[in-house]
Structures are given as C-alpha cells and as structure tokens.
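Remarks on the overall topology
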Amino acid sequence: MDWFCCFNASYSQLVGGNSSSNSGKGRSHEGIIKFGFSLLKGKANHPMEDYHVAKFVKIQGHELGLFAIYDGHLGDSVPAYLQKHLFQNILKEEEFWVDPNRSISKAYERTDQAILSHSSDLGRGGSTAVTAILVNGQRLWVANVGDSRAVLSRGGQAIQMSTDHEPNTERGSIENRGGFVSNMPGDVPRVNGQLAVSRAFGDKSLKSHLRSDPDIQDTTVDTNTDILILASDGLWKVMANQEAVDIARKTRDPLKAAKHLTAEAVKRESKDDISCIVVRFRG
C-alpha cells in the first residue's frame, strides 16, 4: 500500500504471515478445491506490511473457504489485527447464514471501530482488505475496501469481483466529508495529499474523510468457474486482470501459479510488497 512520506499445519489454525518470503498451500476437506499463496517483501525500507489468510474450516455442518489479503501502510499492526479478527467477526454475526451481505458489511464496520478504539496500541496506520468466503464450494462472497483486488476466472475470462477504491473515483465522497484529493505531477491521486486509497481500515487521522464500508459481490461457483485470484496492488499495478488469469491457468498447481504471479510482478519492476492467493476450484 502506497502512503506518501503458510503453510497451514492444521485447518483450525489461522493461516497467515508477513515474512520477507512466505508461501504455502492447502486444500478443502474433500480435496477438490486447492489453494496456494505467495508473499514477497517489496523494496521499501520497512518491514513487510502485507498479511493474508488462506484456510478451510468446518462450521455448523458447512465447509467455508476463507481467503484474504490485507495490505497495510504506516506499519503492520492494522493488517495483523485484521488477519486475526476480521473473519472471526464476520462469522460471529448471527445473521451470517441468512444474510451474508449484511453480516459482512456490519463486521467490516465493527472491526474498523475496534481498530480506531485501539489506535493507542495499533498506531496511526491502516490497511486495505479483500476477503473471499466460499460456502460449501458453491457460493462465493467477496468484499473489499481499498485497492487489493479479487479476480475470478470463468471459462478463462477474467471477472473482477472487487472495486478499486481510488481517490479520484470517490472524490465526491471525500470532499463531502471535508477532505480533498491532491493530484501532484508524477504522483498518484491522494486523500489530503497522503493516502492513495479512498477506503481503508484504521488511519485515524484521516478517518473523517475516509470510508471503511466494503463493496460486496457474490456469485455461484459453476462448472465453468476455475480460478480465483486475490492479490495486493503490488501485483495489480503491473498486471491486468486477464494477464493474471492467463498465467494462473497455465499450471494446475495453485502454489506454483501464485509464485509465478509474484515473480512476474517483480520482473515487471513492481517495488511494492506483493501478496497473492490462487484458488483452483477443480483439478
């Protein structure tokens, strides 16, 4: 994330990490759906600020695939908090099984409020989020704030399942809240000259001008649905959605696919932290 100035040992554990190089893989309990992830630290002179979740869990007779990328800025405390708490908060919502959309939205807002109330411990930084919940391998719910992105492949065609929240596209909302969007030559648009996304968790000093409500999309996983990619903007800054899908579909091993994507982003001179999860639905 741009700010101016697992290997899973057991499915019950939270899978995640933020080391300079981190990768791993897993599969659903039935073994039909597989995933792999790859995280690479960028060239900035600060610790890795990307965190992820990738796991399958069984809850109330349902199997859930839980996948997320959290891209932090001004430190890693907020993405680390999200890694531990966001899915937990979503699944604690009583209405989750009858109204996932409303439950995800409420949990995002409540999690942000908790982060802001703990700002003395978590610091002044923030994080994007893109989360994907796969219910019984049949229904997919994707939510996001910021510019971490989810892309689905259906019959080889890339379908973006998230919305990039950028200052220029949400200028009206920012200005209505009393903020402004800077457009300096040679730089990306920024909220109040600082943050390159218009929605984020945390960022207490900017929160009055930022939103943290997610955009949510859902879809049925049909026989044509083959790949899901979640990644931070370290990938998407240098790669189009269709390019990423084409690379991921070349190998049946989702771990190799995730590594190919992060390596290609580095080759294309991405300087940011790069995190990528590839979910392969069949074979």
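Here, residues in each chain are numbered from 1, in the same order as that chain's written sequence. Given that this is a predicted model, residues contribute local features only at a pLDDT of at least 70 and side-chain atom pairs are listed and counted only at 80 or more, while totals for whole chains, interfaces and linings are drawn from all residues. The basis for every side-chain value is the complete set of heavy atoms in the structure, and neither hydrogens nor water enter the calculation.

Here we come to helix α6 (residues 241–249). For an α-helix, 3.6 residues make a turn, and residues three or four places apart therefore share a direction. The buried label applies to any residue whose accessible area, calculated with a 1.4 Å probe on protein chains only, is under 20% of its type's maximum; exposed applies above 50%, and partly exposed to all values in between. Counting from the N terminus, the helices are DSSP H or I runs at least four residues long and the strands are E runs at least two residues long. Restricting attention to buried positions, one finds in α6 the residues Asn241, Ala244, Val245, Ile247 and Ala248. One side of α6 carries all its buried residues, which in axial view fall inside an arc of 165 degrees. Note on contacts: a residue pair qualifies if any of its non-hydrogen atoms lie within 4.5 Å across the two residues. Those residues of α6 hidden inside the fold are in contact with β8 (149–154), β9 (157–160), β14 (225–231), α5 (233–236), α7 (254–267) and β15 (274–280). Relevant arc is that of directions from the helix axis to the C-beta atoms, nothing else.

Attention now goes to the pairing of strand β3 (residues 50–59). Most of β3 sits out of view: eight of its 10 residues are buried. Here β3 runs beside strand β4 (residues 62–73); their pairing, made up of 10 bridges, is antiparallel. Opposite Lys55, over in β4, you have Leu66 as the bridge partner. Two strands pair under a simple rule: DSSP has to find at least two bridges between them. What sits between the antiparallel neighbours β3 and β4 is a turn of two residues, in which Gln60 has the positive phi angle 50 degrees.

What follows concerns the UniProt feature "domain: PPM-type phosphatase" (unreviewed entry) in the protein chain. UniProt positions are given in the numbering used here, feature names are shortened, and annotations may be inferred rather than shown by experiment. With numbering matched to this structure, UniProt assigns "domain: PPM-type phosphatase" (unreviewed entry) to residues 34–281. Between the end C-alpha atoms of residues 34–281 the distance is 7 Å, and the span holds 29% helix and 33% strand.

Our next topic: the side chain of Thr225. Tracing the sequence through the fold places Thr225 in strand β14. Non-local contacts of Thr225, meaning those with residues more than four positions away in its chain, are made with Leu152, Ser153, Arg154, Thr220, Phe281 and Arg282.

This next bit is on the pattern of salt bridges. The term salt bridge refers to a side-chain nitrogen of Lys or Arg lying within 4 Å of a carboxyl oxygen of Asp or Glu. Scanning the entire structure with this criterion turns up 20 salt bridges. The residue Glu93 makes a salt bridge to Lys106 at a minimum N-O spacing of 3.5 Å. Here Lys106 lies in helix α2 (residues 100–117) and Glu93 lies in the loop between α1 (77–92) and α2, a separation of 13 residues in the sequence. Between Lys237 and Asp233 there is a salt bridge, with its nearest N and O atoms 3.5 Å apart. Each of Glu93, Glu95, Arg102, Lys106 and Arg110 takes part in one network of salt bridges that share partners.

A separate point is the environment of Ala44. Considering the arrangement of structural elements, one finds Ala44 in the loop between β2 (34–40) and β3. Of the residues examined, Ala44 reaches a relative accessible area of 34% and is grouped as partly exposed. Put simply, Ala44 and Asp272 are 228 residues apart on the chain and 7.0 Å apart in space, counted from C-alpha to C-alpha.

So, about the packing of aromatic side chains. The criterion for an aromatic pair is that two Phe, Tyr or Trp rings (for Trp, the six-membered ring) have centres within 6.5 Å, with stacked assigned to planes under 30 degrees apart, edge-to-face to planes over 60 apart and tilted to the rest. As enumerated under the stated definition, the model contains five aromatic pairs in all. Arranged with centres 6.0 Å apart and planes meeting at 35 degrees, the rings of Phe35 and Phe56 form a pair that is tilted. Placement of the pair is Phe35 in strand β2 and Phe56 in strand β3, with a sequence separation of 21 residues. Taking relative accessible area as the criterion, Phe35 reaches 0% and is therefore assigned buried. Classification of Phe56 by relative accessible area gives buried; the value is 1%. Between the aromatic rings of Phe56 and Phe67, the centroid separation amounts to 5.7 Å while the plane-to-plane angle is 85 degrees, which identifies the pairing as edge-to-face. Here Phe67 lies in strand β4 and Phe56 lies in strand β3, a separation of 11 residues in the sequence. Its relative accessible area of 1% is what places Phe67 among the buried residues. Each member of the aromatic cluster is reached from another via a ring pair, and the members are Phe35, Phe56 and Phe67.

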